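Next come the chains, spelled out residue by residue.
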Amino acid sequence: MESESESETETAPADKESLDADELVEENFRQAGITEYEKIDLEDYESQAGIDLSEYVSYRFYYDSDGLKIEGYFSAPKDLLDGKKTSCLIYNHGGNQDYGALENIETCFYAYQLHTICIASNYRGCGNSEGKDLFGGADVDDVIRLLDLCEQFSYIDKDAINMMGISRGGMMTYEVLRRDERVHKAVVVSGLSDCFMSYEERSDMQTIFDSLVGGSPEEMPEEYEKRSATYWADEINTPLLIIHATGDEKVSVAQADKLTEALEQAGKTYEYITFDGNSHGEIRLEDGEKIKAFLEGQEQEEDSEKNNVK
């Protein structure tokens, strides 16, 4: 693992275009104040997936958020690290605490599937990150901090930072969009958008809500509303692509319906895709193609501001 003392002995390269992909990523880490990082060996994943990842780089790193040491992941196609600025994707994972925590391959999966730089966080209390999981509380700061880092990386266009969240990661995404307008476009798959509804729909999640949020909806309505985009959809100004299975048993499609109705009433720009099935967090082949086109700006021209596709 790289340390600050080791990096001090290196001579700073004069021309970033002369650096190879690994050197460029590591130099940018150091310049952004990231001193702990390690390269991920992708050979094992190549054999598992049956794909060639030789033209990709992946790293695990640690960064500071509110004084806590937070675990992050970074992956990129090497051809996007050629000295020019490009878009990137911040990915917000689902789950809570260690359930659903990121491992070595998720960011590389999206870097490969969507051909983009992908960066992600194990929010506080998840994986190897310090702190307590607050399920959409102050841990949203850990994602916003990634926006700060992306703006410092020389190869990322700060005006083209996108975001995607799945399940609980959808809740995190909505909260970021409410607080920070630096996100260019956002995608939410099977996203949690109403914690009051989730508390009623999932008896198996009630103890988790009670523990991580700090009480029940009756006891802490303001905290549940803060985590529920259906109550403040008018404050989201980022173009959205929302994808949800009609039979999702973990986060009901009724939540997505309620949110898109609120977005519609507020005149927001969004696209809503539903499909038959009971999957949760699944990105079908056609969804992946749609997500890629949406993020790359290939979606329909804005002669109509909103599309509701079911």
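Up top you'll find the structure we're talking about.
Computed from a predicted structure; not experimentally measured.

Chemist: What exactly am I supposed to notice about the overall build of the protein chain here?
Modeler: A tally of regular secondary structure across the protein chain gives eleven helices and ten strands. Relative to its length of 310 residues, the protein chain is compact, with a C-alpha radius of gyration of 19 Å against a globular reference of 19 Å. Projecting the C-alpha coordinates of the protein chain onto the three principal axes gives extents of approximately 60 × 45 × 35 Å. The buried share among the 310 residues of the protein chain stands at 54%. If you take every contact in the protein chain between residues at least 6 apart in sequence, the share linking residues at least 24 apart comes to 71%. As displayed, the protein chain offers around 13,700 Å² of accessible surface, 42% of which is attributable to carbon and sulfur atoms. Mean positive and mean negative side-chain charge positions of the protein chain (28 and 69 charges, respectively) differ by 3 Å.

Chemist: What exactly am I supposed to notice about the side chain of D248 here?
Modeler: Tracing the backbone shows D248 in the loop between β8 (240–245) and α10 (253–265). No salt bridge forms around the buried D248; measuring N to O, its nearest opposite-charge neighbour R202 is 6.8 Å away. Of note is the side chain of D248, whose polar atom sits 2.8 Å from the side chain of H280. When neighbours within four sequence positions are excluded, D248 is seen to be in contact with S190, G277, N278, S279 and H280.

The rules we used
For every chain, the first residue of the written sequence is number 1, and numbering continues from 1 onward in sequence order. Only residues with pLDDT of at least 70 are given local features in this predicted model, and only at 80 or more are side-chain atom pairs given and counted; all residues enter the totals for whole chains, interfaces and linings. Heavy atoms throughout the structure, all of them, feed into the side-chain values; hydrogens and water do not. Helix and strand definitions here come from DSSP, where helices need a minimum of 4 consecutive H or I residues and strands a minimum of 2 consecutive E residues; each element is numbered from the N-terminal end. Atoms considered for the radius of gyration are the C-alpha atoms alone. The globule rule reads 2.2 Å times the number of residues to the power 0.38. Residue burial is assigned from relative accessible area. The probe radius is 1.4 Å, only protein chains are included, and a residue is buried under 20% of its type maximum, exposed over 50%, and partly exposed in between. We call two residues in contact when some of their heavy atoms are within 4.5 Å. Residue-level accessible areas treat just the shown protein chains as cover; the underlying method is Shrake-Rupley with a 1.4 Å probe. The charge count includes Lys and Arg as positive and Asp and Glu as negative, but it does not include His or the ends of the chains. To locate a charge, the coordinates of NZ of Lys, CZ of Arg, CG of Asp or CD of Glu are taken. A carboxyl oxygen of Asp or Glu within 4 Å of a side-chain nitrogen of Lys or Arg is what we treat as a salt bridge. A 3.5 Å cut-off defines polar contacts: any pair of N or O atoms within that distance qualifies, except that in protein one atom must be a possible hydrogen donor and the other a possible acceptor, and neighbouring residues in sequence count only when both atoms are side-chain atoms.

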